[in-house]
Amino acid sequence: MKLQWNIFVAFFRVGILGYGGGPSSIPLVHKEVVDKYKWMSDEEFGDLLALGNTLPGPIATKLAGYIGYRVSGVLGTINAVLATILPTIFFMILLLSSLSSIKGYDWVQGMTAAVIPVVGVMLAVLTWQFIQKAGKGMGWVPTGAMLVVVFVLLEFFNIHPGILIGVLLFLAIVKKDRKKEKTHLSEREGDS
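Rules used in this analysis
- Residues numbered from 1 in each chain as written.
- Predicted model: local features only at pLDDT ≥ 70, side-chain atom pairs only at ≥ 80, totals over all residues.
- Heavy atoms only, no water.
- Helix = DSSP H or I, 4+ residues; strand = E, 2+ residues; numbered from the N terminus.
- Buried < 20%, exposed > 50% of the residue type's maximum accessible area, 1.4 Å probe, protein only.
- Contact = heavy atoms within 4.5 Å.
- Areas by Shrake-Rupley, 256 points an atom, 1.4 Å probe, with all protein chains shown as cover.
- Salt bridge = Lys/Arg side-chain N within 4 Å of Asp/Glu carboxyl O.
- Core = buried A, V, L, I, M, F, W, Y, C linked by side-chain atoms within 4.5 Å.
- Phe/Tyr/Trp six-rings, centres within 6.5 Å; stacked < 30°, edge-to-face > 60°.

Asks: Talk me through the overall build of the protein chain; I want residue IDs and the actual numbers.
Replies: Secondary structure summary: the protein chain contains seven helices and zero strands in total. The secondary structure elements of the protein chain, listed N-terminal to C-terminal, are α-α-α-α-α-α-α. Counting every position in the protein chain, which comprises 192 residues, the buried fraction comes to 26%. Looking at the protein chain alone, contacts between residues at least 24 apart form 54% of all its contacts between residues at least 6 apart. By element, 70% of the accessible surface of the protein chain is carried by carbon and sulfur atoms, the whole surface being about 12900 Å².

Below, the structure written as structure tokens:
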């Protein structure tokens, strides 16, 4: 029962504080799942995020669904997804019913403008953590080269991030299979 409560609280916080949608939710999910409850490692979270971004739909619910399942099966999935979406449903109903009467106030526009830099900093911190992980895993020169290539493809050629992630996953699988094949061949030659 305590595990279900922890799952609910973790993803409810993500749902209630993830102002602005998926990108702002990712660092919050990371904080809860990796740092606070230690349900996953940084590496596992990075892999999950990469795979989740190749699938359609909101990233927060995909992360919640998988992590909930991993931690506590089907009940964990239902719990985590509901905890993620309930705050949004409640606030959307509340805001939409009163939006027309308050949207012109300066404090509402100021509140919206003030949240943007906070989300930007959260994303920058998470980005730096992923760059460090890639630098340690692939080396800093390949990581730097990949950052430049990916930036150019996204910004100047307008390639969709999902396509780019899919291609990179495919290349990683092909490269991994080639390594296994070479290892297998060298073992066979050593036996002869």
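Now, onward.
Asks: Summarise the pattern of salt bridges; cite the residues concerned and give the values.
Replies: A complete count under the given rule lists three salt bridges for this structure. In this structure, Lys31 engages Asp35 in a salt bridge whose closest nitrogen and oxygen atoms are separated by 3.8 Å. Of the two residues, Lys31 and Asp35 are both situated in helix 2 (residues 22-36); the distance of four residues between them amounts to about one turn of the helix. Residue class for Asp35 comes out partly exposed when judged on its relative accessible area of 34%. Between Arg70 and Glu44 there is a salt bridge, with its nearest N and O atoms 2.9 Å apart. With Arg70 in helix 4 (residues 59-102) and Glu44 in helix 3 (residues 42-53), this residue pair connects regions lying 26 residues apart in the sequence. Its relative accessible area of 33% is what places Glu44 among the partly exposed residues.

Asks: Which residues make up the nonpolar core, and what are the values?
Replies: Formed by 23 residues in total, the largest nonpolar core has its most connected members in Phe11, Val29, Trp39, Phe45, Leu63 and Ile67. Looking at this core, the elements with two or more residues in it are helix 1 (2-17), helix 2, helix 3 and helix 4. Among the elements that line this core, the one with the most residues is helix 4, at six residues. Leave out the neighbours within four places in its chain, and Ile67 touches Phe11, Val29, Val33, Trp39, Met40 and Leu48.

Asks: Kindly report on the packing of aromatic side chains, identifying the contributing residues and their values.
Replies: What describes a pair of aromatic rings is the distance from one ring centre to the other and the angle between the planes of the rings. Considering all chains together, one arrives at six aromatic pairs under this definition. Ring geometry for Phe8 versus Phe12: centroids 5.5 Å apart, planes at 20°, classification stacked. With Phe8 and Phe12 both in helix 1 and four residues apart, the pair spans about one turn of that helix. Look at Phe12 and you get partly exposed, because its relative accessible area is 30%. Between the aromatic rings of Tyr37 and Trp39, the centroid separation amounts to 4.6 Å while the plane-to-plane angle is 10°, which identifies the pairing as stacked. A network of ring pairs unites the aromatic residues Trp5, Phe8 and Phe12 as a single cluster.

Asks: Which residues make up unusual backbone geometry, and what values go with them?
Replies: For residues besides glycine, phi is generally negative; the peptide bonds are generally trans as well. Within the chain, Lys38 stands out as a residue other than glycine whose phi angle is a positive 55°. Along the chain, the position of Lys38 falls in the loop between helix 2 and helix 3.

Asks: So what's going on with the environment of Gly166? Which residues, and what values?
Replies: Within the secondary structure layout, Gly166 lies in helix 7 (residues 161-191). Each C-alpha atom of the pair Gly166 and Leu51 lies 8.5 Å from the other, and the pair is 115 residues apart in sequence.

Treat this as a map of the structure, not an account of what it does.
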